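Read off the chains here:
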Amino acid sequence: MRPLQKEIVEQFNVKPEIDPATETREIIDFMKDYVKNYTFIKSFVLGISGGQDSTLLGKLAQMAVDELNEEVEGGGYEFHALRLPYGKQNDEQDAIDAVEYIQPTVSATIDIQPNVNQSIASLKEAGYELTDFLEGNEKARERMKAQYAVAAVADGVVLGTDHPAEAITGFYTKFGDGAADLVPLFGLNKRQGKMLLEYLEAPEHLANKVPTADLEDDKPMLSDEEALGVSYKAIDDFLEGREVSDEDYETIIGWFKKTQHKRDLPYHRYNKPAYGDKQEE
Ligand SMILES: Nc1ncnc2c1ncn2[C@@H]1O[C@H](COP(=O)(O)OP(=O)(O)OC[C@H]2O[C@@H]([n+]3cccc(C(=O)O)c3)[C@H](O)[C@@H]2O)[C@@H](O)[C@H]1O
Ligand SMILES: Nc1ncnc2c1ncn2[C@@H]1O[C@H](COP(=O)(O)OP(=O)(O)OP(=O)(O)O)[C@@H](O)[C@H]1O
Ligand SMILES: [Mg+2]
């Protein structure tokens with residue numbers, strides 16, 4: 001393994017092989033233990049898109065809540081599954097199917113379109129015109145706002161689906177879907193997440209769903225792999241410490257360096273970034 005790959009592999013805690021039952025148990029226990037340490041936390045909140053990651057984490061969150069309600073005197077724990085479409089979602093049925101599979105304590109739908117459009121209009125009036133790409137980030141940040149509002153009302157914490165196969169390329173909106181209180185899937189790469197979905201008997205079409213952010217109106221359902229220029233297979237191999245082609249290696253490292261700032265807290269004089277995208281390896 002090249003030295004930078006070794007360093008990154010150590011940072012992201014991806015195991016070369018997993019046992020889905022053990023990972024499932026550990027993730028649920030992590031969520032339960034966290035909640036048990038804080039008297040005020042009574043719920044988990046997560047946006048459900050119909051994609052692989054939120055289907056998996058939503059299911060695990062509901063399993064954790066069900067166990068908490070059995071084990072903790074007084075119970076009353078809830079999982080709030082939020083559908084957050086921008087108007088009508090392209091793959092709406094998948095989101096509906098995911099909620100049906102998860103069977104959350106509470107499910108709600110909040111249309112983010114009016115707020116996003118108002119935000120775009122206000123910025124435009126002030127002389128800042130967003131491109132279609134930037135409007136995508138606006139959508140992700142509006143979803144973040146909705147989830148934090150619900151968490152505040154429901155004495156909850158916001159879950160995030162960030163995991164190594166996404167974090168390594170920084171393929172999320174900073175302080176949008178990148179913002180969360182707990183990221184329980186951390187440690188799993190994309191294929192391992194899918195293994196857990198299969199272990200948990202998720203509907204096949206959701207476990208096999210092509211990963212997409214679906215944020216751009218001009219490029220509906222654009223796949224992550226097309227946007228990134230590298231396959232999840234290569235990213236997963238890289239994270240498991242396997243060899244990847246030179247081209248894939250360069251693409252992954254390029255994204256990794258460019259997005260280091262997203263994985264860190266805001267910088268100050270005493271804490272500067274470890275990597276810049278202009279630096280040679
Ligand atoms: N070197 C640096 N040091 C400190 N801060 C830096 C910086 N470079 C940029 N920044 C800041 O970061 C901002 C850019 O970051 P950001 O706003 O995130 O925007 P950006 O990384 O340009 O775009 C987000 C990407 O994530 C993808 N995404 C978003 C949401 C969900 C999903 C999904 O898979 O579901 C994917 C989306 O398709 C797009 O490709 C800049 O405007 C600047 O404020
Ligand atoms: N339309 C949506 N409705 C509700 N939540 C959403 C929506 N789109 C994105 N999100 C939230 O943003 C998170 C990040 O999106 P991302 O696309 O990475 O994950 P995913 O859709 O769950 O899975 P995949 O990566 O396989 O597409 C989602 O897990 C979900 O919590
Ligand atoms: Mg998605």
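All figures in this text were calculated on a predicted structure; none of them were measured in a lab. (Residues numbered from 1 in each chain as written. Chains lettered and ligands numbered in written order. Predicted model: local features only at pLDDT ≥ 70, side-chain atom pairs only at ≥ 80, totals over all residues.)

Let us now look at the overall build of the protein chain. Helix and strand counts for the protein chain come out as 13 helices and 4 strands. Here the C-alpha atoms of the protein chain give a radius of gyration of 19 Å, agreeing with the 19 Å that 2.2 N^0.38 yields for 281 residues. Counting only C-alpha atoms and orienting by the principal axes, one finds that the protein chain spans roughly 55 × 50 × 45 Å. For the protein chain, the proportion of its 281 residues judged to be buried stands at 38%. (Helix = DSSP H or I, 4+ residues; strand = E, 2+ residues; numbered from the N terminus. Rg over C-alpha atoms; globule rule 2.2 N^0.38 Å. Buried ≥ 20, exposed ≤ 12 C-beta atoms within 10 Å, placed from the backbone.)

To continue, consider the site of ligand 1. Near ligand 1, the surroundings consist of 14 residues, among which A140, T173, K174, A213 and H261 are the closest. Sorting the residues of the shell around ligand 1 by element identifies α6 (132–153) and α10 (224–228) as the ones contributing at least two each. Sorting elements by how many residues they give to the shell around ligand 1 places α6 first, with 3 residues. Of the residues contributing to the shell around ligand 1, the split by class is 6 nonpolar, 5 polar and 3 charged. (Near = placed C-beta within 6 Å. Nonpolar A, V, L, I, M, F, W, Y, C, P; charged D, E, K, R; others polar.)

Another aspect to go through is the site of ligand 2. Taken together, the neighbourhood of ligand 2 is formed by 20 residues, with G47, S49, G51, Q52 and S54 sitting nearest. Contributions of two or more residues to the shell around ligand 2 are made by β1 (43–47) and α3 (52–71). Per-class residue counts for the shell around ligand 2 are 6 nonpolar, 8 polar and 6 charged.

This paragraph deals with the packing of helix α2 (residues 20–36) against α3. Viewed as axis vectors pointing N to C, α2 and α3 meet at an angle of 55 degrees, and their least axial separation amounts to 9 Å. With respect to their mutual orientation, α2 and α3 come out oblique. Along this stretch, α2 crosses α3, giving a crossing that reads as right-handed. Seen from α2, the contacting residues are T24, I27, I28, M31, K32 and V35; seen from α3, they are L60, A61, M63, A64, E67 and L68. Class assignment of the residues belonging to the contact of α2 with α3 gives a composition of 9 nonpolar, 1 polar and 2 charged. (Axes fitted to C-alpha atoms, helices over the stretch in contact; angles between N-to-C directions. Parallel < 35°, antiparallel > 145°, perpendicular 65-115°, else oblique. Left-handed = near helix turned anticlockwise from the far one by under 90°. Contact = placed C-beta atoms within 7 Å.)

Here, UniProt's "binding site: Mg(2+)" (unreviewed entry) annotation points to D53 and E166. The named residues occupy 114 residues along the chain; their greatest pairwise C-alpha distance, 10.4 Å, places them in one compact cluster. Relative to the helices and strands, D53 is located in helix α3. By the C-beta count within 10 Å, which is 24 here, D53 ends up buried. If we skip the residues at most four places from it in the chain, D53 touches T161, H163, L185 and G193. Checked against the element boundaries, E166 lands in helix α7 (residues 164–167). (UniProt positions renumbered as here; feature names shortened; annotations may be inferred.)

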